[in-house]
Amino acid sequence: MSRRCARETEGLLVSPQPVDTLKGFGVTFKQIFKKPLTMQYPEYKRPVYPRFRGRHRLWRHENGLEKCVGCSLCAAACPADCIRVVAAENTPENRVSPGERYARIYEINMSRCIFCGYCELACPFDAITLGNDYELAEYDRDDQIYTKDMLLAEPIKRVPVADAELYDTPIPYYRARS
Amino acid sequence: MTEPWWISAIKGFVIVNLVLLTFAYTTLLERKALGRMQLRYGPNRAGPYGLLQPIADLVKLVRKESFFPAAAIDVPYILAPVVSAFTALAAFAVIPFGNGWNIWRYHVNGVVANVPISLILVFALGSIGIYGFIVGGWASESKYSLLGSMRTCAQLVSYEVSLALSVLGVVITAGSLSLVDIVHNQAHSLWYVVPQAVGFLVFLISGVAETSRAPFDLPEAEQELVAGYHTEYSGMRWGLFQMAEYVNMITLSGLAITLFLGGWHFPFAHGVDFLGPLWFFLKLLVLLFVFIWLRATLPRLRYDQLMSFGWKILLPVATLNALVTALVVVWVN
């Protein structure tokens, strides 16, 4: 009887540790008085990581010209195939970007975008970057297609962003806070 | 003392509505308490502290489509949830909640229907309620529902035996099957939870199994099965099944209070017994909390463990308890 094989213990009827089972009740009861870990989202927005990849934006030069030259490298790099660029020639009367061409149409389909940031990496002029905003829900799929005007406009700041200092120190951020 | 029939009717109406209200807020209490035990808040969006959540749930259930499988057998399919909900509610009629009051010219009893065999009536209604679960799964004409109802059936039938046997000790001690008498007998003696501690324990455990609550919630083990016997139900029909389960839980807690915890009596003092319903309700809340606490603490049993636990441990213990109680009662008298 010294060797109790696994097969025998498998059919064991009662919990072999009744005291521990009762201890479990104490554990669950104690939890009630702790503060819940839930973050009440719409009221409290947890600051995102500074390099968090959210909604895109297009940039302009200081003189007002668009940085984008319509090269479509971002569209080529996009794994989700959600960027559509149609380029047109700049003319002396209508100069939109400093290069030869500019993006006549620049659309991002946000319902397909996977926020990988490859467009940002591919761009030779830093014309497109990913911002921090993640509140991109819409009632209509068509509204998910962002046009060039929407992307060029100064985005509304909806989401708090954590202090970059917190992350760029060699001390881990969770210790730096205390 | 007799009372005119219309007083009983009014009482029945009030009690049914109170039980339904308790049911609705038990769901909220459960979600809140479970949430806090898991370091969450639970529902807190609908109204202050989520107090309107049950109402929101009700509106949602009523407005939802009541899906009807094409192959289902109509009459039993529709009737099954009704039977379950009805029997669950009807069982509350015989549970005493107060001493009785003299209001104006009439005497109002503290129970809707004072039946001399009320304990048997409760168990009989419970057994009929099980038919709702079985027939509902069968009439859905879906193999998963059928399997689910068979699981439910096997579990409920096995545990009903030990449930009925566990109260036998109380019946022998009190010498009556009437719940009103059983409560009266506890007024000036120890509550039966002390002399019948084993019976109380068996009653609680098999009661948890009987209402298919965690850790015995195999009929609808939500992490493992889709739903069990009510897979093909939706909308308010599903809501009726859910209601039946919660009301069964409330009835069972009420029964445990009546049989073992002194019913509507306040402990050690009798000056405040006219507030019977209040004490009853407070005890009910404590027991409901224990049910929820159990759910938060214990993991689900395996099916073979459930069966062997019911037949090989609970049943012999309940039988022994009844036998020993009978011997002691005979020996003392």
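Whatever comes next refers back to the structure up there.
Residues numbered from 1 in each chain as written. Chains lettered and ligands numbered in written order. Predicted model: local features only at pLDDT ≥ 70, side-chain atom pairs only at ≥ 80, totals over all residues. Heavy atoms only, no water.

1. Considerations on the overall build of chain A
- From N to C terminus, chain A includes seven helices and five strands.
- Going from N to C terminus, chain A has its helices and strands arranged as α-α-β-α-β-β-α-β-β-α-α-α.
- Out of the 178 residues belonging to chain A, those deemed buried represent 29%.
- Total accessible area computed for chain A in this model is approximately 12,600 Å², and 55% of it derives from carbon and sulfur atoms. (Helix = DSSP H or I, 4+ residues; strand = E, 2+ residues; numbered from the N terminus. Buried < 20%, exposed > 50% of the residue type's maximum accessible area, 1.4 Å probe, protein only. Areas by Shrake-Rupley, 256 points an atom, 1.4 Å probe, with all protein chains shown as cover.)

2. Some thoughts on the side chain of Q144(A)
- Mapped onto the secondary structure, Q144(A) falls in the loop between strand 4 (128-130) and strand 5 (145-146).
- Residue contacts for Q144(A): discarding those within four places in its chain leaves I108(A), N109(A), M110(A), S111(A), L136(A) and E138(A). (Contact = heavy atoms within 4.5 Å.)

3. Notes on the packing of helix 8 (residues 197-210) of chain B against helix 11 (residues 303-332) of chain B
Residue and element names in this part refer to chain B.
- Running from N to C, helix 8 and helix 11 point in directions that differ by 150°, and their axes come no closer than 9 Å. Relative to helix 11, the element helix 8 is oriented roughly antiparallel. You can see that helix 8 and helix 11 cross each other, and the crossing is left-handed. Only F309, L314, V317, A318 and N321 of helix 11 make contact with helix 8, whose side of the interface consists of V198, G199, V202, I205 and S206.
- In the contact of helix 8 with helix 11, the residues fall into seven nonpolar, three polar and no charged. (Axes fitted to C-alpha atoms, helices over the stretch in contact; angles between N-to-C directions. Parallel < 35°, antiparallel > 145°, perpendicular 65-115°, else oblique. Left-handed = near helix turned anticlockwise from the far one by under 90°. Nonpolar A, V, L, I, M, F, W, Y, C, P; charged D, E, K, R; others polar.)

4. Quick look at the packing of aromatic side chains
- Within this structure, the stated rule accounts for 20 aromatic pairs over all chains.
- Ring centres of F68(B) and Y77(B) lie 5.0 Å apart, and the angle between their planes is 75°; this geometry places the pair in the edge-to-face category.
- Under the relative-accessibility criterion, F68(B) is labelled partly exposed at 33%.
- Residue classification places Y77(B) among the buried positions, given a relative accessible area of 0%.
- In this structure an aromatic cluster arises from ring pairing among F68(B), Y77(B), F133(B), Y229(B), Y233(B) and F241(B).
- In this structure, R57(A) is placed above the aromatic ring of W59(A), and the distance from its NZ or CZ to the ring centre is 3.8 Å. (Phe/Tyr/Trp six-rings, centres within 6.5 Å; stacked < 30°, edge-to-face > 60°. Lys NZ or Arg CZ within 6 Å of the ring centre and 35° of its normal.)

5. Things to note about the interface of chain A and chain B
- Contact residues are listed per partner, giving 19 residues for chain A and 19 residues for chain B.
- Between chain A and chain B the total buried area reaches about 1,800 Å² when both faces are included, carbon and sulfur atoms providing 63% of it.
- Taken together, the links from chain A to chain B amount to one salt bridge.
- E43(A) serves as the salt-bridge partner of R45(B), at 2.9 Å between the closest nitrogen and oxygen.
- A per-element tally of the side of chain A that touches chain B places helix 2 (residues 18-31) of chain A first, with six residues.
- Tallied by class, residues from the side of chain A that touches chain B come to nine nonpolar, six polar and four charged. (Buried area = accessible area lost by both parts, 1.4 Å probe. Salt bridge = Lys/Arg side-chain N within 4 Å of Asp/Glu carboxyl O.)

6. Examining the pattern of salt bridges
- Taken as a whole and judged by the stated rule, the model has twelve salt bridges over all chains.
- Of the charged contacts, one joins R57(A) and E154(A) as a salt bridge, the two residues approaching to 3.4 Å between their closest N and O atoms. Here E154(A) lies in the loop between helix 5 (148-152) and helix 6 (164-168) and R57(A) lies in strand 1 (residues 56-58), a separation of 97 residues in the sequence.
- Looking at R57(A), the relative accessible area reads 11%, which means it is buried.
- Close ionic contact of R300(B) with D217(B) constitutes a salt bridge, the shortest N to O distance being 2.7 Å. Of the two residues, R300(B) is situated in the loop between helix 10 (276-297) and helix 11 and D217(B) in the loop between helix 8 and helix 9 (235-260); the sequence distance between them amounts to 83 residues.
- A relative accessible area of 21% means that R300(B) is categorised as partly exposed.
- By relative accessible area, which is 7% here, D217(B) ends up buried.

7. Quick word on empty space enclosed by the protein
Residues and elements named next belong to chain B.
- Under the defined criterion, the tally for this structure stands at three cavities of 30 Å³ or more.
- Space inside the largest cavity adds up to approximately 260 Å³.
- Residue lining of the largest cavity: 20 residues in total, with V122, G126, E210, N248 and L252 positioned closest to the centre.
- Listed by contribution, the elements that provide at least two residues to the lining of the largest cavity are helix 3 (74-90), helix 4 (118-139), helix 5 (143-166) and helix 9.
- With seven residues, helix 4 is the largest single contributor of residues to the lining of the largest cavity. (1 Å grid on protein atoms, 1.4 Å probe; cavity = no way out; pocket = protein on both sides within 12 Å on 5 of 7 lines; lining within 4 Å. Points joined across faces, edges and corners; volume = space filled by probe spheres on them.)

8. Regarding a negative patch on the surface
Residue and element names in this part refer to chain A.
- A grouping of E138, D140, D142 and D143 is seen on the molecular surface, where their side chains present a negatively charged patch.
- With respect to the helices and strands, the residue D143 is situated in the loop between strand 4 and strand 5.
- Since its relative accessible area comes to 38%, D143 is described here as partly exposed. (Patch = residues over 30% accessible without salt bridge, like charges linked within 9 Å, V, L, I, M, F, W, Y side chains within 5 Å. Lys, Arg positive; Asp, Glu negative; His and termini not counted. Charge placed at Lys NZ, Arg CZ, Asp CG, Glu CD.)

9. Some words on helix 2 (residues 53-63) of chain B
All names here are of chain B.
- Among the residues making up helix 2, those that are buried are Q53, P54 and L61. The arc that holds every buried residue of helix 2, seen down its axis, measures 95°, which confines them to one face. Opposite the buried face of helix 2, by more than 90 degrees, sit the exposed residues V62 and R63.
- At its buried positions, helix 2 is contacted by helix 1 (5-37) and helix 9. (Arc of directions from axis to C-beta.)

10. Some remarks on the packing of helix 3 of chain B against helix 9 of chain B
Residues and elements named next belong to chain B.
- Two elements in contact, helix 3 and helix 9, have axes whose closest approach is 8 Å; the angle formed by their N-to-C orientations is 20°. Taken together, the axes of helix 3 and helix 9 are roughly parallel relative to one another. Helix 3 and helix 9 meet at a crossing whose hand is left-handed. Two secondary-structure elements touch here, helix 3 through Y77, I78, A80, P81, V82, S84, A85, A88 and L89 and helix 9 through R237, L240, F241, M243, A244, V247, N248 and T251.
- Tallied by class, residues from the contact of helix 3 with helix 9 come to 13 nonpolar, three polar and one charged.

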